[in-house]
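Residue-level listing of the chains:
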Amino acid sequence: TYEQLGLDDGPELREVIIKASIVQGEGAFSEDLPKVAQVVENRLEPNPETNGYLQMDSTVHFIYQERGLAGTTDEQRANPDPHNTYAHPGLPAGPINSPGEEAIRAVLNPEAGDWLYFVTIDPSTGETRFATDWEGHQENVQLFQQWCQENPDQC
C-alpha cells in the first residue's frame, strides 16, 4: 500500500503514519478524515491560536489506553508523556495506533480549509463540527458538554 501511495521507507513515511494515526483516532466518518488531516496541518503551522500544539485527545487516550471514552481530564492533559500533544508541540513521539488506508490518504490529500478546531459533538453518532476560531469551537464544545451531561457514563 505504501508503494501504491508513493511513500518510501524513511522520514516522510514516519511523519505520514504518525499524522494518519491521529486522523484515524480522531475521525469517526470517512468524509471527516480529510478535514481532520487539514486541522492537523493547520495546527502544526506557526499561528497565534495553537502555537504548534495539536492538543488531540486521541494522543492522551493512547497514553492511558482508554479507547471509547470521549474527552480527557485536566490531569491527563498535563501528563508529560512524549505522546501527549497537549504537553508538547508538534507531532507525538510515534504513532498512537495503526492507521487505515483512508486515514493515510487523507493525510496525503487533506481537504482545503482553515479549520483549527473540531469536536465530535455527539460521540454516539460521530457527528463532528469544525471551527476556524476559538469562539466557534467553544460553541461546539458546549454541544459536546451537553451530550456528556446526558451520557455521563461515556465521558
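Data block above holds the structure.
> Help me out: how do you make sense of the overall build of the protein in this one?
Counting its secondary structure elements, the protein contains six helices and two strands. Scaling as 2.2 N^0.38, a compact globule of 155 residues should have a C-alpha radius of gyration of about 15 Å, and the protein matches this with 15 Å. Along the first, second and third principal axes, the C-alpha set of the protein runs to 45 × 30 × 30 Å. Every one of the 155 residues in the protein was classed for burial, and the buried ones make up 43%. The long-range share in the protein, meaning contacts at least 24 apart out of those at least 6 apart in sequence, stands at 58%. As presented, the protein carries roughly 8,400 Å² of accessible surface, and 46% of it is formed by carbon and sulfur atoms.

> Explain the side chain of Asp122 here, please?
Position of Asp122 relative to the elements: it lies in strand β1 (residues 117-122). Here Asp122 sits buried without a salt bridge, and the closest side chain of opposite charge, Arg129, lies 9.2 Å off (N-O distance). Within the structure, Asp122 has its side chain in polar contact with the side chain of Trp147 (distance 2.9 Å). Not counting chain neighbours up to four residues away, the residues in contact with Asp122 comprise Glu127 and Trp147.

> How should the environment of Asn84 be read in this particular structure?
Mapped onto the elements, Asn84 comes out in the loop between α4 (74-77) and α5 (101-108). Taking the C-alpha atoms as reference, Asn84 lies 19 Å from Thr120; in sequence the two are 36 residues apart. Leave out the neighbours within four places in its chain, and Asn84 touches Thr59, Val60, Ile63, Gln76, Arg77, Ala78 and Asn79.

> Whenever I open this one, the pattern of salt bridges confuses me. Can you help?
Side-chain pairs of opposite charge can arise where the charged atoms are in close proximity. One pass over the structure, following the stated rule, counts five salt bridges. The closest approach of N and O atoms between Arg77 and Asp74, which form a salt bridge, is 2.2 Å. With a gap of three residues between them, Arg77 and Asp74 both fall in helix α4, about one helical turn apart. Residue classification places Arg77 among the partly exposed positions, given a relative accessible area of 22%. Exposure remark for Asp74: the relative accessible area of 60% places this residue in the exposed category. For Arg105, the salt bridge identified is with Glu101, shortest N-O distance 2.8 Å.

About the criteria used
Residues numbered from 1 in each chain as written. Predicted model: local features only at pLDDT ≥ 70, side-chain atom pairs only at ≥ 80, totals over all residues. Heavy atoms only, no water. Helix = DSSP H or I, 4+ residues; strand = E, 2+ residues; numbered from the N terminus. Rg over C-alpha atoms; globule rule 2.2 N^0.38 Å. Buried < 20%, exposed > 50% of the residue type's maximum accessible area, 1.4 Å probe, protein only. Contact = heavy atoms within 4.5 Å. Areas by Shrake-Rupley, 256 points an atom, 1.4 Å probe, with all protein chains shown as cover. Lys, Arg positive; Asp, Glu negative; His and termini not counted. Salt bridge = Lys/Arg side-chain N within 4 Å of Asp/Glu carboxyl O. Polar contact = N/O pair within 3.5 Å; in protein donor to acceptor, adjacent residues only side chain to side chain.

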